[in-house]
Amino acid sequence: MSKVVRQIGFDEGAYVAREKEDVLVGNEIIRHRLSSRVIHWAVADTFFACLFTGLPVWTPVFGWMGTLVGGLSVCRLVHPWFGFAFALSSLAMAVHWWSEMELTKEERGWVGPKLLEYLRDATNHDKIGKYNGGQKVYFHTSGLAALGLLVSGVVMWYPTSFPAWAREIAVLLHNISFILFAVSLVFHIYLATVAEPGTFNSMMRGTVSKAWARIHHPKWYREIMGLEK
Amino acid sequence: MTNGWVDIKNADVILCMGGNPAENHPCGFKWAIEAKKTRNAKIVVVDPRLTRTGAVADLYSPIRVGTDIAYLLGIIRYAIDQKRFHEDYVKIHTNAPYIVGEKFGFQDGLFTGFDEAKHTYDKTAWGYEANPKTKTYSVDPTLEDPRCVFQLLKKHVDRYTPEMVERICGTPKDTFLKVAEAVTSTGNAQRVGTIMYALGWTQHSVGVQMIRTAAMLQLLLGNVGRPGGGVNALRGHSNIQGATDTAGVFDVLPGYLKTPPAGAQTLKEYLEGATPATLGKQAWPSMNYWQNYPKFMASLLKGLYGKAATKENEFGYSWLPKIDGNYSWMYIFDDMYRGSSMRAGGKEPGPEGLMTFGMNPVGIGPNVKKMIGAHSKLKWLVVVENHEIETAAFWKAPQEYGGADPSKIQTEVFLLPASNFAEKDGSFTNSARWIQWKWKALDPPGQAKVDQEILARIFLAVRDLYRKEGGAFPEAIANVSWAYTNPAVPDLSEILKELNGKALADIPDPKDKTKVLKAAGQQLDGFAQLQDDGTTMCGNWLMSGAFTEAGNMTQRRNNADPTGLGMFHQWSFSWPANRRVMYNRASADKDGNPWDATRVGIKWNGEKWVGDVPDMKPDAPPGTFGAFIMLPEGVGRLFAPVLNDGPFPEHYEALEPACDNVLHPKVTSNPAVAKFKSDLDVYGARDKFPIICTTYRVTEMYHYWTQHLPRLNMLQPGQFVEIPEELAKEKGIVNGAKVKVTSARGSLEGVAMVTKRLKPAHADGKAIWQIGFPLHWGFTGEKGHQGTLANMLTPTAVDPNTWTPEYKSFLVTLEKA
Amino acid sequence: MSVQNSFEVVRSSAQVWGSGSSLRSLPAVSKLVDTSTCIGCKACEVACQEWNDLQVVSTEQRGTYQTMPTLDPSFWNLIRFDEHEVDGGIKWLMRKDQCMHCADPGCLEACPAPGALVQYANGIVDVNPAQCIGCGYCATGCPFDVPRFSAKTGKMSKCTLCVDRVAVGLEPACIKSCPTGCLHFGTKEEMVALGNQRVSQLKAQGYAQAALYDPQGVGGTGVVTVLAFGDHPEWYGALPRAPRVPMAVTLWKKWLRPIGFLAIFGAIVGAFGHHLYHGNKGHLDPGPVGPDEKG
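Our subject in this report is the structure included herewith. Worth saying up front: this structure is predicted, and the values here are computed from it rather than measured.

### Considering the interface of chain B and chain C
Counting residues at the interface gives 32 residues for chain B, matched by 27 residues for chain C. Of all elements in the fold, only α2 (26-39), α3 (52-55), α20 (710-715) and β29 (747-755) of chain B reach the threshold of two or more residues within the side of chain B that touches chain C. Ranked by the residues each element gives to the side of chain B that touches chain C, the list is headed by α2 of chain B, at seven residues. Tallied by class, the residues present in the side of chain B that touches chain C amount to 17 nonpolar, six polar and nine charged.

Right, here's the structure in full:
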């Protein structure tokens with residue numbers, strides 16, 4: 001079912017996208033309303049803040065990053081707070097998207113073969129709704145990693161308050177969670193920018209073209225257009 | 001110490017008993033460790049508690065508090081029974097062969113001559129048997145005469161079987177036998193053992209007898225006088241030895257000369273009483289060095305009164321105070337508390353003023369309530385100290401101390417700030433009798449003054465008063481010699497020179513009268529140069545040699561050690577005569593050959609004695625004199641007919657006994673001890689107070705002083721009570737909980753230290769609990785680190801020879817606080 | 001208290017390319033702690049505090065002779081007291097707890113701050129507070145639970161083996177103060193020899209299990225300890241039986257970090273390659289609008 005929105009002579013798409021998503025505005029479909037985008041960028045920004053203050057602590061190879069923020073001790077001081085903000089944003093994200101991110105049985109294959117299939121452009125897109133399995137898997141992966149980072153991060157923030165075994169586990173968990181997060185993030189960024197033009201805009205302006213929607217998320221497209229059910 | 005700290009390294013067996021050297025003498029204890037490391041010496045520790053000394057022991061034996069005499073007599077019995085004593089030594093160097101008179105006897109815990117009403121013995125009942133014709137004493141060199149000392153000793157100790165030791169001391173027989181075997185392994189010429197003890201022996205109502213038992217054991221094992229041997233008292237303060245040597249107690253003058261008794265009104269009478277007559281001896285006569293007593297005394301009087309002391313006025317002897325009774329400090333405070341003197345029929349008032357230097361009587365006195373009561377009776381009190389100690393603050397003592405409302409106490413208290421040990425020059429005499437000079441490290445803070453300035457200025461003011469106003473007996477003060485460069489602040493090196501002594505007239509050389517041994521005004525080389533005619537002066541004959549014409553010998557720091565035995569003759573000065581091992585003549589056999597060639601004390605080289613400074617006339621060939629030159633017998637005493645509570649030691653329970661005396665239930669405690677009788681002198685019965693309690697110090701603290709120092713409070717933050725695990729379980733006490741210990745006199749709270757290191761003791765097979773706590777805390781001190789004075793609980797009970805209180809054994813109850 | 005540069009640094013925390021030239025060499029130094037002759041007098045505790053100008057730590061009596069439960073940022077040398085029943089007898093064991101100056105120091109391994117922890121050519125592991133970021137990783141890296149983080153200064157602190165004294169030819173303060181001579185200081189070689197001599201003496205005296213504690217799991221330590229009950233190091237203030245740099249730290253530094261590095265860069269390179277090979281997805285219009293689409 002389509003919705004006709006009053007034309008008032010300004011960027012109507014952006015205007016509508018402040019509050020609504022999954023609607024057609026002119027030739028654009030609103031994919032992410034403002035709150036979704038703010039949450040996304042909160043997670044992204046806090047993550048990068050953590051990354052830039054965490055990497056120099058992780059390895060001296062990135063020591064120069066520490067210099068940028070005023071040295072390693074500044075990193076030690078602010079990284080936990082960025083981490084805290086990152087955890088809060090991630091929590092908001094989880095709550096915000098939880099209902100949309102339920103993995104169906106078929107989608108579980110996205111953890112392995114289906115992802116490769118997708119990368120080879122061999123996927124049958126026809127049944128893909130607003131989010132494909134890969135995106136859902138990424139959502140859960142990053143959520144899980146964020147949780148790991150949070151739990152281990154708290155222990156590492158206050159090392160004197162925890163026993164040695166907890167600190168040892170925390171160090172490992174923080175490492176593993178970070179690597180997991182970082183690797184999947186590389187794909188996320190790649191796919192959302194260079195690999196699939198038009199995607200980045202969905203998270204900036206909030207809108208995608210009909211064509212984009214039809215190519216990448218045909219089922220969702222059909223729902224917006226009122227062509228299904 | 002008969003020997004010295006360093007000499008401990010020469011021992012094969014080190015018995016630590018009645019002391020806790022690792023904790024309370026850690027720096028000296030290094031030599032015990034040295035012996036352990038370099039010669040595989042065995043450290044044997046006998047203590048109710050496994051202490052930090054016990055922690056490094058090769059053999060640890062528990063013992064019930066205060067039963068050391070039984071334990072040691074058990075070892076003596078074992079040595080005799082197993083023939084593990086040094087027979088050759090015993091025959092020539094002890095009074096074992098002496099025949100004791102027929103009057104001597106021992107029955108049911110009492111020696112002959114006991115006066116029950118007075119709690120005293122008639123010591124003449126214990127005399128040796130003298131031949132009235134020759135005036136020499138009978139001996140039996142074979143040691144077989146039933147009345148010779150050896151046979152009497154054998155008979156006396158016969159009751160102390162290993163089984164009896166177990167019954168009395170609670171020590172398992174196996175453990176006791178292991179200790180006895182280790183200790184008596186030195187009862188021969190090849191091996192040497194030493195004993196280290198401290199106040200764990202001294203502070204009992206049988207304290208002196210405990211130490212005597214140790215001395216007897218060492219004589220029997222042939223360990224006295226030998227490098228690595230001896231009976232070694234570990235002194236608990238840096239200069240307590242120096243204080244003792246310089247008239248630390250009321251009945252001695254400097255150098256252990258006797259304070260004149262009231263009966264000796266002239267010097268002649270006094271010297272007759274004080275100078276012992278030489279006794280005829282088994283083979284060799286005694287050198288009886290005390291026959292020089294008149295020289296020491298005349299020189300002391302010349303030192304005290306200078307030019308005012310003349311031959312005509314008996315060197316001012318009449319100005320010396322005479323004693324008409326017991327002025328030991330427990331008796332002084334008893335008089336003070338009761339407000340009347342026990343002497344002169346209680347007619348005289350008690351003391352009205354008190355000056356205390358470097359002493360905290362409220363803290364260190366037993367039965368603190370009585371001490372505080374005594375202080376409250378004073379008109380004035382002068383405390384010279386570094387901190388406001390309990391004595392200075394007695395008037396504001398908490399309620400539980402029996403402290404009265406401060407407004408009701410009329411005592412005027414003066415607290416004079418004193419410099420401490422690091423803030424003045426002077427000397428320390430250590431346990432090894434080494435008089436070591438030390439230099440001031442920093443200036444005293446604020447208005448603090450050195451002790452000698454405080455004393456001198458008071459003295460000068462008092463003398464001025466006497467000079468101006470006369471008074472009852474001005475001569476005693478007015479005639480005191482005070483010839484110091486700065487009379488208000490005498491330099492301590494001038495004092496040391498005075499203690500050393502100098503010639504007042506030219507002293508002729510006794511070998512060649514035409515020559516002058518010492519010219520008038522010269523410092524003496526040693527006490528051998530002292531004269532009885534007033535031509536020498538000497539403040540303390542024992543210290544003579546410490547500051548000669550060659551300079552201040554106590555400042556010497558040459559660590560050359562040609563003997564290899566750690567004697568260090570050119571390091572400081574050791575009294576007497578720079579001798580490092582006392583009685584060292586006994587380190588050699590009858591021919592002057594050392595018992596052990598690797599540990600030579602002294603030996604006869606055909607012309608003279610060489611090695612250590614000989615405890616013998618240097619050119620007297622072997623066989624001339626007995627080895628123990630200070631005794632009229634010339635030999636070591638296995639039988640000592642001079643002590644107030646018996647010529648042989650006997651096991652007695654503490655004055656607050658936890659059980660009957662197994663050996664003689666009718667005479668449970670030391671019969672020669674008289675109890676104090678004021679209303680605060682209460683003693684607990686075992687049915688009400690069933691637990692034995694003892695007190696001690698810890699390494700981290702120094703007496704009642706360091707609770708003022710934050711860093712040491714960090715190391716040992718507060719009062720604790722050591723409790724055996726089994727007792728804690730019975731009482732439901734957990735480690736770290738607060739507990740309360742109560743005796744008949746007072747109670748104390750502390751943190752429970754539940755430990756495996758204290759086991760239940762046994763007496764006659766029945767378990768008796770023992771607990772203990774350290775004594776460092778009081779109602780003054782750094783905030784947060786105050787506590788109850790340990791002596792709130794201890795009884796006013798004293799040894800009948802030294803009048804040292806029985807801090808080490810009393811009865812208490814224990815409960816959760 | 002760091003005096004870096006007075007000794008050749010051979011290892012420094014968080015360096016990409018090593019640290020010392022290793023051209024100048026020094027014999028490794030070591031303390032010897034002979035627990036069998038330690039009398040627990042705590043002189044070393046006081047000497048350590050005084051030499052290093054450390055403040056008094058507030059303590060309370062908790063039913064033990066031990067000064068405090070564990071090391072403190074201002075207390076680097078602690079005698080640990082333990083009571084054990086052995087063959088029916090009581091043993092009161094005392095051990096000087098402090099930084100062990102491991103040959104393979106876990107603290108240094110774990111430390112992320114360049115130069116905050118250094119190991120000199122003579123084996124001393126030193127802290128440089130100026131570089132320390134107070135992250136506490138060193139505590140996680142230490143198998144002996146030694147480094148302490150001070151909330152007041154935000155820095156880690158621990159025994160430096162009195163490097164300032166050693167640098168001028170003096171022995172550490174604790175050694176200097178020991179009255180019984182249960183503490184010694186010298187080259188590692190000498191200390192091991194001396195320690196072994198005591199061990200054989202103890203064995204001859206009936207302590208068959210006596211041993212010299214110089215755990216090889218951390219490459220040996222700069223504090224070697226004589227234990228009469230060498231088979232029970234844990235009796236001595238929880239001395240670990242076989243200490244190693246914790247697995248977590250090794251895994252992190254030796255495995256996870258390179259793996260993570262590779263994975264992240266692999267992903268980036270992969271993405272790049274993917275793009276070169278596959279190009280954009282949907283760069284063209286998908287074609288005519290189907291019948292299902294209204295426009």
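### Here we look at the sheet that holds strand β9 (residues 183-187) of chain C
All names here are of chain C. Spatially, the four strands line up as an open sheet ordered β9-β2-β11-β10, and their pairing is mixed. The open sheet is flanked by β9 and β10 (211-213), the only strands paired with a single partner. Along the sheet, successive strands turn relative to each other by an average axial angle of 25 degrees, direction set aside. Note that β10 and strand β11 (residues 223-227) share three bridges and pair antiparallel. Its bridge partner being in β11, Y213 is matched across the sheet by T225.

### Examining the sheet that holds strand β15 (residues 426-429) of chain B
All names here are of chain B. In spatial order, the strands read β15-β16-β23; together these three strands make up an open sheet with antiparallel pairing. Only two strands of the sheet have a single partner each, and these edge strands are β15 and β23 (573-574). Bridge count for β15 against strand β16 (residues 434-438) is four bridges, and the pairing is antiparallel. Bridge pairing links T429 to I435 in β16.

### Section: the nonpolar core
I14 and V44 of chain B are the most contacted members of the largest nonpolar core, which has 299 residues in total. Excluding residues that lie within four positions of it along the chain, V44 of chain B makes contacts with V13, I14, L15, C16, A57, D58, L59, V179, A182 and V183 of chain B.

### Quick look at the packing of helix α6 (residues 133-157) of chain A against helix α7 (residues 164-195) of chain A
Residue and element names in this part refer to chain A. At a closest axis distance of 8 Å, the pairing of α6 and α7 adopts a crossing angle of 150 degrees. On the basis of their axis angle, the class for α6 and α7 is roughly antiparallel. Of the two elements, α6 crosses α7, and the hand of that crossing is left-handed. In terms of residue class, the contact of α6 with α7 is made up of 14 nonpolar, nine polar and one charged.

### Examining unusual backbone geometry
Residues and elements named next belong to chain B. Residues W575 and P576 are joined by a peptide bond in cis, for which omega reads -10 degrees. You can see P576 is positioned in the loop between β23 and β24 (602-604). Backbone geometry at D108 places phi at a positive 50 degrees, although glycine is not the residue there. Residue placement: D108 occurs in the loop between β4 (106-107) and β5 (110-111). Located in the positive-phi region is W803, a residue other than glycine, with phi close to 60 degrees. Within the element layout of this structure, W803 appears in the loop between β32 (770-774) and β33 (810-816). You can call W803 partly exposed: it has 18 C-beta atoms within 10 Å.

About the cut-offs
- Positions within a chain are numbered from 1, following the residues in the order the chain's sequence is written.
- Labels follow written order: the first chain is A, the first ligand is 1, and so on.
- Local features are withheld for residues below a pLDDT of 70 in this predicted model, meaning they are given only at 70 or higher, and side-chain atom pairs are given and counted only at 80 or more; totals for whole chains, interfaces and linings count all residues.
- We call two residues in contact when the distance between their C-beta atoms, placed using the backbone, is within 7 Å.
- Numbering goes from the N terminus for both helices and strands, where a helix is a DSSP run of H or I of at least four residues and a strand is a run of E of at least two.
- Residue classes follow a fixed rule: Ala, Val, Leu, Ile, Met, Phe, Trp, Tyr, Cys and Pro count as nonpolar, while Asp, Glu, Lys and Arg count as charged, and any other residue, Gly among them, counts as polar.
- Strands are treated as partners if at least two bridges between them are detected by DSSP.
- To define axes, lines are fitted to C-alpha atoms, for helices over the stretch in contact only, and angles between the resulting N-to-C directions are given on a 0 to 180 degree scale.
- What we call a nonpolar core is a set of buried Ala, Val, Leu, Ile, Met, Phe, Trp, Tyr and Cys residues whose membership is set by joining through C-beta atoms within 7 Å.
- Partly exposed residues are those falling between the two cut-offs: more than 12 but fewer than 20 other C-beta atoms within 10 Å of their own, whereas 20 or more means buried and 12 or fewer means exposed, with C-beta atoms placed from the backbone.
- Between 65 and 115 degrees an angle is taken as roughly perpendicular, under 35 as roughly parallel, over 145 as roughly antiparallel, and anywhere else as oblique.
- Take the far helix as your reference; a near helix turned counterclockwise from it by less than a right angle gives a left-handed crossing, and one turned clockwise gives a right-handed crossing.

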